[in-house]
Amino acid sequence: MKKQQIIEKLEQQKITAVIRNSDINTVFFLADALKKGGIEALEITVETPGALDVIKELNKTDKYFVGAGTILDAETARAAILAGAKFIFTPIMRLDVIRLCNRYGIPVIPGATTPTEILAGYEAGADFIKVFPAGVFGPQYLREILGPLKHIPIFVTGGINKDNIKDFILAGAKGVSIGGALIDKDLIVNGMFDKITERAIEFVKLVNDINK
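Quoted straight from UniProt, the Sequence similarities (unreviewed entry) entry for the protein chain says "Belongs to the KHG/KDPG aldolase family." Looking at the protein chain in UniProt, the text filed under Subunit (unreviewed entry) is "Homotrimer."

Here it is in structure tokens:
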């Protein structure tokens, strides 16, 4: 999949599921449950030991659309890309990570909060900027930022839930990343993947209803 195709798919999907503490024994069940609910984009966060192996295993088939998150440095970004990550999310603004991803032709979505950070990241070559933690600041903050910076494509993450996802999209977010509000650890432990599918369906419906 070429870089532009990946960018277009992230925008078309709108929702990226953030998978933390990934376990090779359950991640396929989780990925299938999310896909059944209409969410294909998966961000595997790399702070968990073995996360790169999870990315590698998921990418042994074309069935899944997998990227890496919580990337803090260029070395980890490179390792994730070599494991097959199709996109890179970071919680912070690291220009070396942006350069590395551009070198490999992989979409990169660094985290930022202030207008200065957002503009600096975009001018450095980021494909999207991820406003984080968006839930703390709210949709109105995003709306104000996009007044003078409307040319910059924005993702939001951190505190996104059923109550605010529509407001963030309406405020101008190209996409959202959702973790705990979508993927409940207790549901995974108890093998209740059907409940995760139900949550995914609910989130997807909230986004799709915006265009009706």
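A. Region of interest: the environment of Ile 7. Tracing the sequence through the fold places Ile 7 in helix α1 (residues 3–13). For Ile 7, a relative accessible area of 11% gives the class buried. Remark: the alpha-carbon pair of Ile 7 and Ile 106, spanning 99 residues in sequence, is separated by 9.3 Å. Setting aside residues up to four positions removed in sequence, Ile 7 forms contacts with Pro 107, Asp 127 and Phe 128.

B. Main features of the environment of Glu 47. Inspection of the secondary structure puts Glu 47 in the loop between β2 (41–45) and α3 (51–58). The exposure class assigned to Glu 47 is partly exposed, which follows from its relative accessible area of 41%. A sequence separation of 26 residues divides Glu 47 from Asn 21, and the C-alpha atoms of the two residues are 7.9 Å apart. Excluding anything up to four places from it in sequence, Glu 47 contacts Arg 20 and Thr 70. At 3.0 Å, the side chain of Glu 47 forms a polar contact with the side chain of Arg 20. Polar side-chain contacts of Glu 47 include one of 3.4 Å to the side chain of Thr 70.

C. Region of interest: the pattern of salt bridges. Counting across every chain of the model gives 10 salt bridges. When the shortest N-O distance is used, the salt bridge between Glu 198 and Lys 195 registers 4.0 Å. Residue Glu 198 and its partner Lys 195 are located together in helix α11 (residues 193–208), separated by 3 residues, close to a single helical turn.

D. Representation of α3 within the structure. Of the positions making up α3, those classed as buried are Ala 51, Val 54, Ile 55 and Leu 58. With its buried residues spanning 100 degrees around the axis, α3 presents them on a single face. Elements in contact with the buried residues of α3: α2 (27–36), β2, β3 (65–69) and α4 (74–82).

E. Geometry of the nonpolar core. Core analysis: the biggest nonpolar cluster contains 66 residues, and Leu 34, Ile 88 and Val 156 have the highest contact counts within it. Ranked by residue count, the leading element in this core is α11, at 7 residues. In contact with Ile 88, not counting residues within four places along its chain, are Ala 68, Ile 71, Ala 77, Ala 80, Ile 81, Val 97, Cys 101, Ile 106, Pro 107, Val 108 and Ile 109. In terms of nonpolar packing, the next biggest core, distinct from the first, is built from 10 residues, Ile 6, Leu 10, Phe 65 and Phe 87 among them.

F. Structural detail: the packing of α2 against α11. Contact geometry for α2 and α11: axes closest at 7 Å, N-to-C directions at 35 degrees. In terms of crossing hand, the pair formed by α2 and α11 is right-handed. When α2 is examined against α11, the residues Phe 29, Leu 30, Ala 33, Leu 34 and Lys 36 are found in contact with a partner set consisting of Phe 193, Ile 196, Thr 197 and Ala 200. Classifying every residue of the contact of α2 with α11 gives 7 nonpolar, 1 polar and 1 charged.

Definitions and limits used
Residues numbered from 1 in each chain as written. Predicted model: local features only at pLDDT ≥ 70, side-chain atom pairs only at ≥ 80, totals over all residues. Heavy atoms only, no water. UniProt positions renumbered as here; feature names shortened; annotations may be inferred. Helix = DSSP H or I, 4+ residues; strand = E, 2+ residues; numbered from the N terminus. Buried < 20%, exposed > 50% of the residue type's maximum accessible area, 1.4 Å probe, protein only. Contact = heavy atoms within 4.5 Å. Polar contact = N/O pair within 3.5 Å; in protein donor to acceptor, adjacent residues only side chain to side chain. Salt bridge = Lys/Arg side-chain N within 4 Å of Asp/Glu carboxyl O. Arc of directions from axis to C-beta. Core = buried A, V, L, I, M, F, W, Y, C linked by side-chain atoms within 4.5 Å. Axes fitted to C-alpha atoms, helices over the stretch in contact; angles between N-to-C directions. Left-handed = near helix turned anticlockwise from the far one by under 90°. Nonpolar A, V, L, I, M, F, W, Y, C, P; charged D, E, K, R; others polar.

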